[in-house]
Amino acid sequence: MTAILTEPVGPSLEIDDLTVRFGGLVAVDGVSLVARGGTITGLIGPNGAGKTTTFNACTGIVQPTEGEIRFGGRRIDRMSSARRAQIGLGRTFQRMELWETMTVRENVQLGREAVHGGRRPWGQVRSSAAERADVRERADRALDRCGIRELEDAVAGDLSTGQGRLVELARAIAAGFPFLLLDEPSSGLDPKESAEFGEILAEVADRDGIGILLVEHDMTLVRACCTYIYVLEFGQLIHEGEAEAVLASDAVKTAYLGSEA
Amino acid sequence: MRDYLPFIVVGITTGSVYALAAVGLVLTFKTSGIFNFAHGAHAATAAYVFNVFRSDQGLPWPVAMGLTLVVVGVVGGLLLERMAHLLSGASVAARTAATVGLLVGLQQILVAVFGSATKTMPFFLPTGLFSIAGTNVRYEQLVVVVLVLGLVIGLYVFLNRTRVGVAMQAVVDDPDLVGLQGIDPAAVRRYAWIVGSCFASLSGTLLAPTIGLDAGILTLLVFFAFGAAAVGRFTSLPLTYVGGMAIGIGAEVIKKVIDGSSTFAQLPSTLPFLVLFVVLLVTPTRHLLERRSAQTRPQMPAHQFSPAAWRAVLAIGIPVSLILPHVVGTKVTLWTTGLVFVILFASLGLLVRTSGQISLAHMALAAVGSATMARCLGAGIPFPLAVLIGGLVTAPVGALVAIPAIRLSGIYLAIATFGFGLLAQRLLFGTIVMFGGETNSLAASRPEMFGLDTDVGYYYVVLVAAVASCAGVVLIRRSRLGHMLRGLSDSPRALDAHGANTNITRLLVFVLSSFLAGIAGGLYGPITGTASSANFDFSVSLVLVAVLVLAGRQPILSPVIAAFLLAVLPFYTDNEFILDYTNVAFGVGALVAAMFGGQPVLARLRGATRTLDRERSRRRHAVTPPSVVAEGVAL
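Analysis parameters
Residues numbered from 1 in each chain as written. Chains lettered and ligands numbered in written order. Predicted model: local features only at pLDDT ≥ 70, side-chain atom pairs only at ≥ 80, totals over all residues. Heavy atoms only, no water. Helix = DSSP H or I, 4+ residues; strand = E, 2+ residues; numbered from the N terminus. Rg over C-alpha atoms; globule rule 2.2 N^0.38 Å. Lys, Arg positive; Asp, Glu negative; His and termini not counted. Charge placed at Lys NZ, Arg CZ, Asp CG, Glu CD. Buried < 20%, exposed > 50% of the residue type's maximum accessible area, 1.4 Å probe, protein only. Contact = heavy atoms within 4.5 Å. Phe/Tyr/Trp six-rings, centres within 6.5 Å; stacked < 30°, edge-to-face > 60°. Lys NZ or Arg CZ within 6 Å of the ring centre and 35° of its normal. Salt bridge = Lys/Arg side-chain N within 4 Å of Asp/Glu carboxyl O. Axes fitted to C-alpha atoms, helices over the stretch in contact; angles between N-to-C directions. Left-handed = near helix turned anticlockwise from the far one by under 90°. Pairing = 2+ DSSP bridges. Patch = residues over 30% accessible without salt bridge, like charges linked within 9 Å, V, L, I, M, F, W, Y side chains within 5 Å. Areas by Shrake-Rupley, 256 points an atom, 1.4 Å probe, with all protein chains shown as cover. Core = buried A, V, L, I, M, F, W, Y, C linked by side-chain atoms within 4.5 Å. Polar contact = N/O pair within 3.5 Å; in protein donor to acceptor, adjacent residues only side chain to side chain.

## A word on the overall build of chain A
1) Next: A count of helical and extended segments in chain A gives 10 helices and 10 strands.
2) Next: Here chain A has a C-alpha radius of gyration of 18 Å; the compact-globule value for 261 residues is 18 Å, and the two agree.
3) Next: Here chain A contributes 28 positive and 39 negative side-chain charges, whose respective centroids are spaced 7 Å apart.

Put into structure tokens, the structure is as follows:
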């Protein structure tokens with residue numbers, strides 16, 4: 001049985017003194033942060049600040065040169081990406097990875113079924129009646145949470161980017177991950193869609209107790225939902241604090257938006 | 001050493017030709033992302049065309065060669081570039097089926113036009129002799145070696161020293177960036193295809209005088225280039241050249257070492273595929289980059305039948321399949337064969353269509369089932385059990401094929417299974433573990449009870465198996481595994497990100513598909529009474545993939561249509577023209593289907609409006625208006 005099916009909600013993601021070097025280039029330089037369970041933590045910064053590299057170290061695409069990453073107290077930086085998901089760390093993709101030939105409901109349900117399937121060959125072949133009920137019920141709740149119930153029979157490949165982002169989110173919620181890593185979910189969305197997406201994220205954190213690390217470029221979304229924010233520049237953490245304070249600080253304005261702001 | 005020298009001389013010559021073909025192959029693969037399985041057929045075509053100009057038209061050979069390079073090389077290259085363009089963004093299945101279809105079609109055209117008998121082709125280069133260390137060398141051999149070396153060095157210098165050459169290498173990584181440099185990426189690809197196509201043409205014409213004009217053998221020899229390309233990791237031209245030479249020399253030296261021993265007779269000709277398979281198994285996957293354009297064409301889901309439509313299909317299908325053997329007269333065994341192919345296509349469809357994995361070795365798996373079943377019968381095991389054991393033994397062999405599937409993705413899996421199919425056929429089919437013996441065939445009798453050993457009786461036996469197999473496929477598709485397989489096909493990364501170990505998923509689908517292929521193989525033999533390796537030639541595996549892609553995406557109906565097209569319909573005529581051109585139609589059909597959406601044209605038309613809507617909606621939502629930026633600045 002995978003941990004995700006049993007563990008209580010609320011583990012935190014901790015990054016401790018993370019350094020990532022590509023050859024001579026230091027992409028991330030001694031970054032430490034804590035993203036608490038049940039809250040939305042923003043990781044912002046200008047292009048090339050090391051946001052994506054930090055994100056990739058969390059999902060397993062890049063290996064840390066130094067430092068460690070812990071989730072719920074367990075070291076994850078050497079785990080495979082499937083293993084990270086099995087212990088409860090979900091993610092979405094900046095370039096959407098929907099199952100395009102399947103309907104929205106099938107997408108959301110498979111999100112949970114894949115969790116049940118996991119590493120067990122027999123678990124991947126067939127499902128028990130209880131599991132099927134669990135899959136349906138969680139999919140229902142996730143579809144409602146993301147407000148895409150009326151789209152459930154649409155084929156995922158036919159959706160707009162905004163709708164697709166919601167399906168990806170619903171899929172990760174249905175899977176039952178206590179913590180989600182979101183990679184620039186606002187890219188491809190207009191400001192109205194970003195704001196709506198932010199409201200849904202806030203609900204996900206408040207009502208479902210899911211922790212979220214949001215790596216984001218777009219201020220509309222960050223402002224709409226983050227409670228705590230870390231700011232990166234040139235691979236280093238330059239600022240952190242409660243969202244309101246950080247967004248208002250001069251240091252961030254200068255670093256993030258250039259001196260003319 | 002003295003004794004080896006003549007073999008090494010031959011090896012260097014043939015190795016040069018393989019290297020030439022391989023370099024052309026790698027160049028086009030690098031620049032377009034399309035791995036041209038038809039490269040060998042292209043070479044064979046050039047050899048035949050050269051022979052027409054030279055022998056039939058009586059032109060001097062340099063003129064004939066020039067014309068061949070223009071017609072087959074340049075024009076062929078331009079056509080291939082168009083094909084590659086239409087395939088960019090298509091699924092791996094479609095890209096594989098397209099060039100496999102081209103291979104099947106071209107080869108069959110050559111057979112249909114020029115006949116299947118091997119013709120001799122006189123040497124055109126000077127054949128005078130000179131001596132190196134006591135070994136006679138033909139001037140022709142020297143010319144070939146020097147010419148190829150010159151061409152490869154020339155290409156290398158061109159790629160690394162000229163603007164267009166550098167652009168040619170960059171076009172793979174970022175076509176848009178090349179466009180910004182004022183060089184048209186399409187033009188760059190065109191150059192690459194022309195060069196690749198001319199190299200193929202040249203290799204075909206250079207090989208033909210030594211081995212004769214034979215579409216099959218010439219195509220196969222240029223497959224040797226796949227091994228060389230693997231040595232160059234499908235990227236490095238110098239290493240590819242070295243690989244070609246090594247394979248050429250290696251094969252000849254092995255010939256000398258085994259010295260006519262029949263046990264290892266197949267070894268020289270399987271060396272390139274051993275190399276190919278081993279390289280694909282051991283090369284770190286980061287060196288085997290999937291070369292594809294960034295934009296992937298949206299996949300069309302299979303059109304779902306409504307329950308009413310299903311009832312109608314069953315209402316017609318059940319009585320027709322029951323009455324059929326009583327109305328088709330002596331053709332009944334043809335329909336039985338058709339049913340065997342329904343099982344084969346259903347199992348291949350599960351792999352290719354449902355899970356998005358490619359196998360070009362499906363007949364090799366069926367052969368394992370066939371041989372096992374016949375051996376079981378020989379050991380006195382009753383018929384149903386023998387067929388079942390055939391399937392059960394094939395399943396772990398399928399797991400073996402899944403090993404490259406776990407390591408490799410997309411086109412490399414297709415290439416690896418291609419190598420596996422050829423290796424299995426050449427190294428295993430004839431041995432005692434499979435068909436064995438002098439005739440490469442085993443007795444496979446029908447069940448002797450309730451009159452099931454008659455033609456009509458056996459039809460019903462296979463019908464039951466086919467229906468059970470199709471029902472099995474439907475059940476799998478509806479199960480969790482079915483959902484996982486569809487997910488695997490659409491986005492393995494997303495499946496992985498939700499905690500599913502996709503290696504297990506891949507293994508499972510290969511095992512299940514192989515089991516069904518083994519069952520089909522077991523049922524195949526008793527139709528004629530002998531399980532024979534001749535039924536399971538690797539070329540049939542290629543045709544299977546082509547026809548499957550042609551027949552659409554329905555999990556059950558498509559296999560039925562495909563089996564009918566491949567195994568039944570063509571044999572209702574004695575017309576040689578139709579028989580000759582059936583495979584051409586399949587090949588071309590698969591190519592067209594792949595280029596225009598990887599589905600039948602009719603479904604494409606139905607889907608066209610939907611795709612348009614989707615594009616429009618994407619465009620509407622994809623653009624981030626400048627107001628976002630403005631708002632950000634106001635922060």
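More follows now that the structure is in view.
## Some remarks on the environment of B:His362
Residues and elements named next belong to chain B.
1) Next: As for its position among the elements, His362 is in helix H14 (residues 362–378).
2) Next: We classify His362 as buried; its relative accessible area is 0%.
3) Next: Sequence separation of His362 and Thr417 is 55 residues, and the distance between their C-alpha atoms is 8.7 Å.
4) Next: The contacts of His362, once residues within four sequence positions are left out, are Leu344, Ser347, Leu348, Ser513, Ala517, Ser541 and Leu544.

## Here we look at the packing of aromatic side chains
Each aromatic ring pair is summarised here by two numbers: the centre-to-centre distance and the angle between the ring planes.
1) Next: A full pass over the atoms with the stated rule returns 31 aromatic pairs over all chains.
2) Next: For the ring pair B:Phe341 and B:Tyr524, a centre distance of 5.8 Å and an interplane angle of 75 degrees mean the geometry is edge-to-face. Of the two residues, B:Phe341 is situated in helix H13 (residues 332–354) and B:Tyr524 in helix H20 (residues 502–528); the sequence distance between them amounts to 183 residues. For the pair B:Phe341 and B:Tyr524, one class covers both residues: buried.
3) Next: A cation over a ring is seen here: A:Arg171 above A:Trp99, with NZ or CZ 4.3 Å from the ring centre.
4) Next: Above the ring of B:Tyr572, the side-chain terminus of B:Lys331 is found at 5.2 Å from the ring centroid.

## Side note on the pattern of salt bridges
1) Next: What the rule picks out here adds up to 24 salt bridges over all chains.
2) Next: Residue A:Glu14 is joined to A:Arg70 by a salt bridge in which the shortest nitrogen-to-oxygen separation is 3.2 Å. Of the two residues, A:Glu14 sits in strand S1 (residues 13–22) while A:Arg70 sits in strand S4 (residues 66–71), which places them 56 residues apart along the sequence.
3) Next: With relative accessibility at 24%, the residue A:Glu14 sits in the partly exposed group.
4) Next: Across the pair B:Glu140 and B:Arg138 runs a salt bridge, and its minimum N-O distance is 3.2 Å.
5) Next: Beyond isolated ion pairs, a larger network of salt bridges with shared partners links A:Glu14, A:Asp16, A:Glu68, A:Arg70, A:Arg75 and A:Asp77.

## Thoughts on the side chain of B:Arg54
Residue and element names in this part refer to chain B.
1) Next: Looking at where Arg54 falls in the secondary structure, it is placed in helix H2 (residues 39–56).
2) Next: One buried charged residue, Arg54, remains without a salt bridge, the closest side chain of opposite sign being Asp56 at 9.9 Å.
3) Next: Beyond its immediate sequence surroundings of up to four residues, Arg54 is in contact with Leu59, Trp61, Ala64, Met121, Pro122, Phe123 and Phe124.

## So, the packing of H2(B) against helix H3 (residues 61–87) of chain B
Residue and element names in this part refer to chain B.
1) Next: It is the contact of H2 with H3, at a shortest axis distance of 9 Å, that shows an interaxial angle of 145 degrees. In the crossing of H2 with H3, the sense of the turn from one axis to the other is right-handed. Touching His42, Ala46, Val49, Phe50, Phe53 and Arg54 of H2 are Trp61, Ala64, Met65, Leu67, Thr68, Val71, Val72, Gly76 and Leu80, all from H3.

## Examining the environment of A:Asn47
Residue and element names in this part refer to chain A.
1) Next: As for its placement among the helices and strands, Asn47 is situated in the loop between strand S3 (40–44) and helix H1 (51–59).
2) Next: Given the relative accessible area of 66%, Asn47 is considered exposed.
3) Next: With 186 residues separating them in the primary sequence, Asn47 and Glu233 have C-alpha atoms 8.7 Å apart.

## Some points on the environment of B:Leu344
Residues and elements named next belong to chain B.
1) Next: Along the chain, Leu344 turns up in helix H13.
2) Next: Residue Leu344 is classed as buried on the basis of its relative accessible area, which comes to 1%.
3) Next: In contact with Leu344, not counting residues within four places along its chain, are His362, Met363, Ala366, Ala517 and Ala520.

## Brief notes about the sheet that holds strand S5 (residues 74–75) of chain A
Residue and element names in this part refer to chain A.
1) Next: Spatially, 4 strands are ordered S2-S1-S4-S5 in an open sheet, and the strand pairing comes out antiparallel. The open sheet has two free edges, formed respectively by strand S2 (25–35) and S5, since each of these has just one partner strand.
2) Next: In the sheet, S1 pairs with S4 via 5 bridges, with the strands oriented antiparallel. Directly across from Ile15, in S4, lies its bridge partner Ile69.

## Overview of a nonpolar patch on the surface
Residue and element names in this part refer to chain B.
1) Next: A cluster of nonpolar side chains, Val278, Leu281, Val282, Leu400 and Ile403, forms an exposed patch at the surface whose accessible area comes to about 420 Å².
2) Next: Elements with a minimum of two residues in the nonpolar patch: helix H11 (267–282) and helix H15 (383–407).
3) Next: With 3 residues, the single largest contributor to the nonpolar patch is H11.

## Overview of the sheet that holds strand S8 (residues 211–215) of chain A
Residues and elements named next belong to chain A.
1) Next: The 6 strands lie next to each other as S6-S7-S8-S3-S9-S10, forming an open sheet whose pairing is mixed. Lying at the two open borders of the sheet, with one neighbouring strand each, are strand S6 (89–91) and strand S10 (236–242). Each neighbouring strand pair of the sheet contributes to a mean axis angle of 20 degrees, computed without reference to strand direction.
2) Next: As paired elements, S3 and S8 share 4 bridges and run parallel to each other. Residue pairing across strands places Leu43 opposite Val215, the latter belonging to S8.

## What about the nonpolar core?
1) Next: Judged by nonpolar contacts, the single largest core of 184 residues is most densely connected at B:Phe37, B:Phe234, B:Phe341, B:Phe418 and B:Leu523.
2) Next: Per-element tally for this core: the top contributor is H13(B), with 14 residues.
3) Next: When residues no more than four places from it in sequence are discounted, the contact partners of B:Phe418 are B:Phe37, B:Phe223, B:Phe226, B:Phe273, B:Leu360, B:Phe538 and B:Leu542.
4) Next: Of all hydrophobic cores here, the second largest spans 46 residues; its members include A:Ile173, A:Leu201, A:Ile229 and A:Val231.

## Focus: the side chain of B:Gln425
Residues and elements named next belong to chain B.
1) Next: If you trace the backbone, Gln425 turns up in helix H16 (residues 410–428).
2) Next: Among the polar contacts listed, one links the side chain of Gln425 to the backbone nitrogen of Phe538, at a separation of 2.7 Å.
3) Next: Discounting residues that sit within four places of it in the chain, Gln425 has contacts with Phe536, Asp537 and Phe538.

## Considerations on unusual backbone geometry
1) Next: Notably, A:Phe234 is not glycine yet its phi reads approximately 45 degrees, a positive angle.
2) Next: Mapped onto the elements of the fold, A:Phe234 is located in the loop between strand S9 (228–233) and S10.
3) Next: Even without a glycine there, the phi angle at B:Arg233 is positive, about 50 degrees.
4) Next: With respect to the helices, strands and loops of the structure, B:Arg233 is situated in the loop between helix H9 (215–231) and helix H10 (237–258).
5) Next: The exposure class of B:Arg233 is partly exposed, given its relative accessible area of 33%.

So, to be careful, I would describe these as geometric facts and stop short of saying anything about function.
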